[in-house]
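Residue-level structure breakdown
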Amino acid sequence: MPKRAAVPVEEPRGPFNALPTGLHLHLRPFFADITEEVVRAIRTEIPEYARPTDDTYMQGVHRGVDHALQGFLERMAKPDTDWEPVKATYQRIGRGEAEEGRSLDSFQSALRLGARVTWRRVNALVDADLLPRNVLAAFGEALFLHLDEMAAATTAGYTEARLHAAGELQQRRTRLLDLLTADPPASAEAIADLAHSARWPVPRALAVVAIDHRPQAGGQPIVAPEFLARFDVQPAVLVVPDPEGPGRARAVAGALHGRRAAMGPTVALQEGARSLRWASEALDLVRRGVLPGSEMVRCQDHLATLLLLRDDALIDAMTEHRLRPLEQVRPPQRERLAETLLSWLQCGHNASEVAVRLAVHPQTVRYRMRQLDELFGSRLHDPAAQFEMQLALRALELRRGATGTGAG
């Protein structure tokens, strides 16, 4: 005779469905006392909640405990009840903790402590034969599931609020950076007001760093909170408060993460646009190879170079106006004559010093100067012309160092 197929037994859907029907009715009379014991334990064992003189605060703690335990009883009575409204409540609690600026650690500790006290009291009821012992396993599983879900909902609300607050704070800091580098400058009052809401202490002075950075999908690098940064623009910008302060250079280097950068001059609070402009021009010279790119360039160390190379068109016009006679000479000789002329102007027309600088014989210098005298004539001895020649030749020398091309 064939065996009868076994009829599958449907497993209970979750721990609340596994609880005996009507268990919540047996437990409800004891939950007022359990609530009081949980509140006492929280006040005693968790310092954050130990405010015996603050009646309003303690009433809030009491309501929270009562809400958690009553919600647990309701889930026991109706295992398939919608959890979303309760979840939303704990998400609001999490957001409230974040908005109050508190850590979530104390709240999570209170949840765990409440679950332990409840579990201990239910075990005491079983020991007193007020509840059957066979309910403990299902009750414990349901209790700690309820705890986990409350904790998860609270954490979700807390995280959401923190991210929202961080996003708002970052927006304020971005607006502050734009205000500090605005041209024309913003008022000191507007800067101070926005700095307060952005949680940025107003410094006595600042400098702006221009950074060679390409925006990437991964988001902007994380920098220390004392700096204001924008990595979603090109060049990226870093505002450094009190840049001459102790340890500031090391902190700036850490914020750059090895990127090419140039720091503008230290300026007053309302002159950030000037610091940014100089830093951007210096960074451009770094990209062109005129200034070194191995570490952050400081504008204050390269003021003459910044002045000379600020406008290429002006340099080209000055070169055309003052150095045109060199065009009559072939390139190799033209470069030697340009080098000699610059050294002669820099050395106060002293041929011996020029010879030492160029590592040639003094007679070679005199021979070249006779050639230059034939090319330039009286202009070679005009102080105004000499000054502009020296500027043009120095600019061409800087360009030649960057590109490897000749002068003239």
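That block above? That's the structure.
Model, not experiment: these values are computed from the prediction. (Residues numbered from 1 in each chain as written. Predicted model: local features only at pLDDT ≥ 70, side-chain atom pairs only at ≥ 80, totals over all residues. Heavy atoms only, no water.)

1. Remarks on the nonpolar core
With 46 residues, the main nonpolar core has Leu-19, Leu-23, Leu-27, Ile-42, Phe-72, Met-76 and Phe-139 as its most contacted residues. Per-element tally for this core: the top contributor is helix H5 (residues 136–180), with 11 residues. Dropping the residues within four chain positions of it, Leu-19 is found in contact with Met-76, Ala-138, Phe-139 and Ala-142. Residues Ala-338, Leu-358, Leu-372 and Leu-396 belong to the second largest nonpolar core, which totals 25 residues. (Core = buried A, V, L, I, M, F, W, Y, C linked by side-chain atoms within 4.5 Å. Buried < 20%, exposed > 50% of the residue type's maximum accessible area, 1.4 Å probe, protein only. Helix = DSSP H or I, 4+ residues; strand = E, 2+ residues; numbered from the N terminus. Contact = heavy atoms within 4.5 Å.)

2. Re the pairing of strand S3 (residues 236–241)
Every other side chain in a regular strand lies on the same face of the sheet, so the side chains alternate between the two faces. Taken across its 6 residues, S3 has 6 buried, putting it largely inside the fold. Here 6 bridges tie strand S1 (residues 205–211) to S3, and the two strands are oriented antiparallel to one another. Looking across to S3, one finds that Ala-210 is bridged to Val-237. Bridge count for strand S2 (residues 228–230) against S3 is 3 bridges, and the pairing is antiparallel. (Pairing = 2+ DSSP bridges.)

3. Side note on the side chain of Asp-212
Inspection of the secondary structure puts Asp-212 in the loop between S1 and S2. At 2.5 Å, the side chain of Asp-212 forms a polar contact with the side chain of Arg-260. There is a polar contact of 3.4 Å between the side chain of Asp-212 and the side chain of Arg-287. Leaving out residues up to four positions away in the same chain, Asp-212 has contacts with Gln-234, Arg-259, Arg-260, Leu-283 and Arg-287. (Polar contact = N/O pair within 3.5 Å; in protein donor to acceptor, adjacent residues only side chain to side chain.)

4. What to know about unusual backbone geometry
A cis amide bond, omega 10 degrees, links Asp-183 with the succeeding residue Pro-184. Assignment of secondary structure puts Pro-184 in the loop between H5 and helix H6 (188–197). In this chain, Gln-234 is followed by Pro-235 through a cis amide linkage whose omega measures 0 degrees. Despite not being glycine, Asp-242 shows a phi value in the positive range, around 40 degrees. As for its position among the elements, Asp-242 is in the loop between S3 and helix H7 (248–256). Despite not being glycine, His-257 has its phi angle at roughly 55 degrees, a positive value. As for its placement among the helices and strands, His-257 is situated in the loop between H7 and strand S4 (261–263). Given the relative accessible area of 48%, His-257 is considered partly exposed.

5. Some words on the pattern of salt bridges
Summed over the entire model, instances satisfying the criterion amount to 21 salt bridges. In this structure, the salt-bridge partner of Asp-212 is Arg-260, at a minimum N-O distance of 2.5 Å. A residue pair is termed long-range when its members are at least 10 positions apart, and Asp-212 in the loop between S1 and S2 and Arg-260 in the loop between H7 and S4 qualify at 48 residues. Here Arg-310 and Glu-281 are joined by a salt bridge, their closest N and O atoms 3.2 Å apart. In this pair, Arg-310 is assigned in the loop between helix H9 (303–308) and helix H10 (312–322) and Glu-281 in helix H8 (residues 272–288), connecting sequence segments 29 residues apart. A residue is classified by how much of its surface remains accessible, and Arg-310, at 49% relative accessible area, is partly exposed. One network of salt bridges, in which partners are shared, links Asp-284, Arg-288, Asp-312, Asp-316 and Arg-399. (Salt bridge = Lys/Arg side-chain N within 4 Å of Asp/Glu carboxyl O.)

6. Thoughts on helix H4 (residues 105–127)
Taking 1.5 Å of rise per residue, 23 residues should cover 33 Å, and H4 covers 33 Å from first to last C-alpha, within 8% of that figure. Inspection of H4 places Phe-107, Gln-108, Ala-110, Leu-111, Leu-113, Gly-114, Ala-115, Val-117, Thr-118, Val-122, Leu-125 and Val-126 among the buried residues, and these make up the whole buried set. At the exit of H4 stands Asp-129, carrying a positive phi of roughly 60 degrees. (Expected span 1.5 Å × (residues − 1).)

7. Considerations on the packing of aromatic side chains
All told, the structure shown has 4 aromatic pairs when counted by the stated rule. Centroid distance Phe-16 to Phe-72: 5.7 Å. Interplanar angle 65 degrees. Geometry classified as edge-to-face. Within this pair, whereas Phe-16 is found in the segment before helix H1 (23–45), its partner Phe-72 is found in helix H2 (residues 55–77), the two being separated by 56 residues in sequence. For the pair shown, Phe-16 and Phe-72 are each scored as buried. Between Trp-119 and Phe-139, the ring centres sit 6.4 Å apart and the planes meet at 15 degrees, which makes this aromatic pair stacked. Taken as a pair, Trp-119 in helix H4 and Phe-139 in helix H5 lie far apart in primary sequence, 20 residues in all. Under the relative-accessibility criterion, Trp-119 is labelled partly exposed at 27%. Among the aromatic residues, those joined into a cluster by ring pairs are Phe-16, Phe-72, Trp-119, Phe-139 and Phe-144. (Phe/Tyr/Trp six-rings, centres within 6.5 Å; stacked < 30°, edge-to-face > 60°.)

Remember that the coordinates give geometry; whether it matters functionally is a separate question.
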